Amino acid sequence: MTGPSPVVAGPEAGGGPLLEASGLTKHFPVGGTRFAARGVVHAVDDVSLRIARGAITAIVGESGSGKSTLAKLLARLIKPTGGSLALDGKAIAARSRAGRRYARQVQLVLQDPFASLNPIHDVRYHLVRPLKLHGIPGSGGPDGENNVARGPRPRAVLDQAVEDLLSRVALTPPEAFAAKYPHELSGGQRQRVAIARALAVAPAILLADEPVSMLDVSIRLGVLNLLADLRERDGLAIVYVTHDIASARYLADTIAVMYAGRIVETGPAAALTDQPAHPYTQLLLSAAPDPDRAQRPSLRGKGAPPNLATPPPGCRFHPRCPHAMRICAETVPTLTETGAGQASACWLHASGLSGAERAPLKIADLRAASEPPPPYPDDAAEPGKEA
Ligand code: ADP
Ligand code: MG
């Protein structure tokens, strides 16, 4: 049985969610031959999300939890194994006109600002390309379909559009930055150019995949504040993907916590981080310093995320969970509301379980579910070393 997956419901203005994902799933075939894979990596499983207009939604999880795969699915850069997307209430079919509109409306900014810009071209070139391809946004507003004019443009108009973009990402004076090459820019400045390039097509949603994790700590806050400004000033909806729950709390309105390819908890950023309901969220928070937080959850978890080629049955967190019950090892948890707008996919919060279902899992059961990889021969030979 598969329970309904949690749905992120951000603060919603009229007209429903801007972007809605239903049951998104991505299984990567691995091993074997081109025609017959030996197995699949369950990178993203049955993820449903609602991205609100003009809000920042954070997707938080450890490395390998499927965040980047989810971001690529949302950007339609990879084909889902299952599930569907709807932008502005309209379902998106493959290779349709709606698909082309989608590609403009939903822009992805990647983690590595050093790899995302072409070293042989200046900043102006990077920004002029999308402006020429998609047309120049007339008003700069995020809802661009009507104010975008396509076709050849005189250089002065393009220059003005480039300078406007650079000003929006606070690269000033813009004329100076337009003429610079990537090697003349810092990591933070490159990431701002990458964001400006995404903004050039007047998207409705910016997907930012770990946009600051490769930057120096000292300049991260500036880039995060830029994202906050873009939401505040321009009403841009932003999906902020991060492994750092403290920065998600700082920046986001809504947080969705991912574990091993599934969303395990969602809710308003402050409530979710003050009162985490899912043991995994509690574990993440116990590892993250945050002076703002009212009380520090005390849970200490052990172990590591599972191998996604052989994810544990039931709740994927159960081998690490100090509260694991019989049912957790058998059935994927159904979504339960734990507070206003907050929901957790955890059996602890479900009602109506039988005594047998609630029976604590024995340590031996947990060991079996989280079989560690075989030790290296050297390790095994080392005397007196206890795992
Ligand atoms: P995150 O961004 O949270 O670190 P990813 O989405 O990059 O996680 O990866 C999730 C899982 O999917 C990982 O186990 C990763 O090894 C696997 N994965 C990602 N891309 C591929 C691919 N192209 N082929 C096979 N496995 C992949
Ligand atoms: Mg990633």
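About the thresholds
- Residues numbered from 1 in each chain as written.
- Chains lettered and ligands numbered in written order.
- Predicted model: local features only at pLDDT ≥ 70, side-chain atom pairs only at ≥ 80, totals over all residues.
- Heavy atoms only, no water.
- Pairing = 2+ DSSP bridges.
- Helix = DSSP H or I, 4+ residues; strand = E, 2+ residues; numbered from the N terminus.
- Near = heavy atom within 4 Å.
- Polar contact = N/O pair within 3.5 Å; in protein donor to acceptor, adjacent residues only side chain to side chain.
- Areas by Shrake-Rupley, 256 points an atom, 1.4 Å probe, with all protein chains shown as cover.
- Nonpolar A, V, L, I, M, F, W, Y, C, P; charged D, E, K, R; others polar.
- Buried < 20%, exposed > 50% of the residue type's maximum accessible area, 1.4 Å probe, protein only.
- Expected span 1.5 Å × (residues − 1).
- Arc of directions from axis to C-beta.
- Axes fitted to C-alpha atoms, helices over the stretch in contact; angles between N-to-C directions.
- Salt bridge = Lys/Arg side-chain N within 4 Å of Asp/Glu carboxyl O.
- Disulfide = S-S within 2.5 Å.

**Regarding the pairing of strand β2 (residues 19–30)**
Part 1 of the argument: Here β2 runs beside strand β3 (residues 39–51); their pairing, made up of nine bridges, is antiparallel. Within the sheet, the bridge partner assigned to proline 29 lies in β3 and is valine 40.
Part 2 of the argument: Here β2 runs beside strand β5 (residues 82–87); their pairing, made up of five bridges, is antiparallel. Paired with leucine 19 across the two strands is leucine 87, which belongs to β5.

**Regarding the site of ligand 1**
Part 1 of the argument: Near ligand 1 you find Phe28, Val41, Ala43, Glu62, Ser63, Gly64, Ser65, Gly66, Lys67, Ser68, Thr69 and Leu308, and these make up its full shell.
Part 2 of the argument: Here an oxygen atom of ligand 1 and a backbone polar atom of glycine 64 are 2.6 Å apart.
Part 3 of the argument: If ligand 1 stood free it would expose 570 Å²; the protein chains cover 62% of that surface.
Part 4 of the argument: Among the elements of the structure, β3 and α1 (67–74) are those that each provide at least two residues to the shell around ligand 1.
Part 5 of the argument: In terms of residue count, the dominant contributor to the shell around ligand 1 is α1 (three residues).
Part 6 of the argument: Partitioning the shell around ligand 1 into residue classes produces four nonpolar, six polar and two charged.

**What about unusual backbone geometry?**
Part 1 of the argument: Cis geometry marks the peptide bond from threonine 172 to proline 173; its omega dihedral reads 0°.
Part 2 of the argument: Along the chain, the position of proline 173 falls in the loop between α4 (155–168) and α5 (174–178).
Part 3 of the argument: Even without glycine at this site, arginine 76 takes up a positive phi of about 60°.
Part 4 of the argument: With respect to the helices and strands, the residue arginine 76 is situated in the loop between α1 and β5.
Part 5 of the argument: On the accessibility criterion, arginine 76 (30% relative accessible area) is partly exposed.
Part 6 of the argument: With a phi angle near 50°, alanine 202 is a residue other than glycine that sits in the positive phi range.
Part 7 of the argument: Along the chain, alanine 202 falls in the loop between α6 (187–199) and β10 (205–209).

**Observations concerning α4**
Part 1 of the argument: Here α4 contains 14 residues, and its C-alpha end-to-end distance of 20 Å stays within 8% of the 20 Å for a straight helix at 1.5 Å per residue.
Part 2 of the argument: Turning to α4, its buried residues number three or more, namely Leu158, Ala161, Val162, Leu165 and Leu166. Seen along its axis, α4 keeps its buried residues to an arc of 135°; they face one direction.

**Brief notes about the sheet that holds strand β4 (residues 56–60)**
Part 1 of the argument: With respect to topology, eight strands assemble into an open sheet ordered β7-β10-β11-β4-β12-β13-β15-β14, the strand pairing being mixed. Looking at strand neighbours, the two that pair on one side only are β7 (106–109) and β14 (336–339), the edges of this open sheet. Averaged over all pairs of adjacent strands, the angle between strand axes in this sheet comes to 20°, irrespective of strand direction.
Part 2 of the argument: Where β4 lies against strand β12 (residues 254–259), four bridges are found, and the strand directions are parallel. Across the sheet, the residue bridging to valine 60 is valine 257, located in β12.

**Comments concerning the pairing of strand β13 (residues 262–268)**
Part 1 of the argument: Of all seven residues in β13, six are buried, a share of seventy percent or more.
Part 2 of the argument: Two strands pair when backbone bridges link them, and β12 and β13 are joined in this way by six bridges, in the antiparallel orientation. Looking across to β13, one finds that alanine 256 is bridged to threonine 266.
Part 3 of the argument: Linking two consecutive strands that pair antiparallel, namely β12 and β13, is a turn of two residues; a positive phi of about 50° is found at alanine 260 within it.
Part 4 of the argument: One ladder, built from two bridges, connects β13 with strand β15 (residues 342–344); its direction is antiparallel.

**Some thoughts on the pattern of salt bridges**
Part 1 of the argument: Counted by the stated rule, this structure contains 13 salt bridges.
Part 2 of the argument: Notably, a salt bridge pairs aspartate 88 with arginine 53, separated by 2.9 Å at the nearest N-O pair. Separated by 35 residues along the polypeptide, aspartate 88 in the loop between β5 and β6 (90–91) and arginine 53 in the loop between β3 and β4 bring together distant segments of the chain.
Part 3 of the argument: The exposure class assigned to aspartate 88 is partly exposed, which follows from its relative accessible area of 28%.
Part 4 of the argument: Look at arginine 53 and you get partly exposed, because its relative accessible area is 27%.
Part 5 of the argument: In this structure, aspartate 159 engages arginine 155 in a salt bridge whose closest nitrogen and oxygen atoms are separated by 3.6 Å. You can see aspartate 159 and its partner arginine 155 sitting in helix α4, four residues apart, about one turn around the helix.
Part 6 of the argument: Taken together, the salt bridges that share partners define one network made up of Arg53, Asp88 and Arg101.

**A look at the state of the cysteines**
Part 1 of the argument: In the structure shown here, the tally under the stated rule is zero disulfides.
Part 2 of the argument: Here cysteine 328 is not cross-linked by a disulfide; its sulfur's nearest cysteine counterpart is in cysteine 315, at 6.2 Å.

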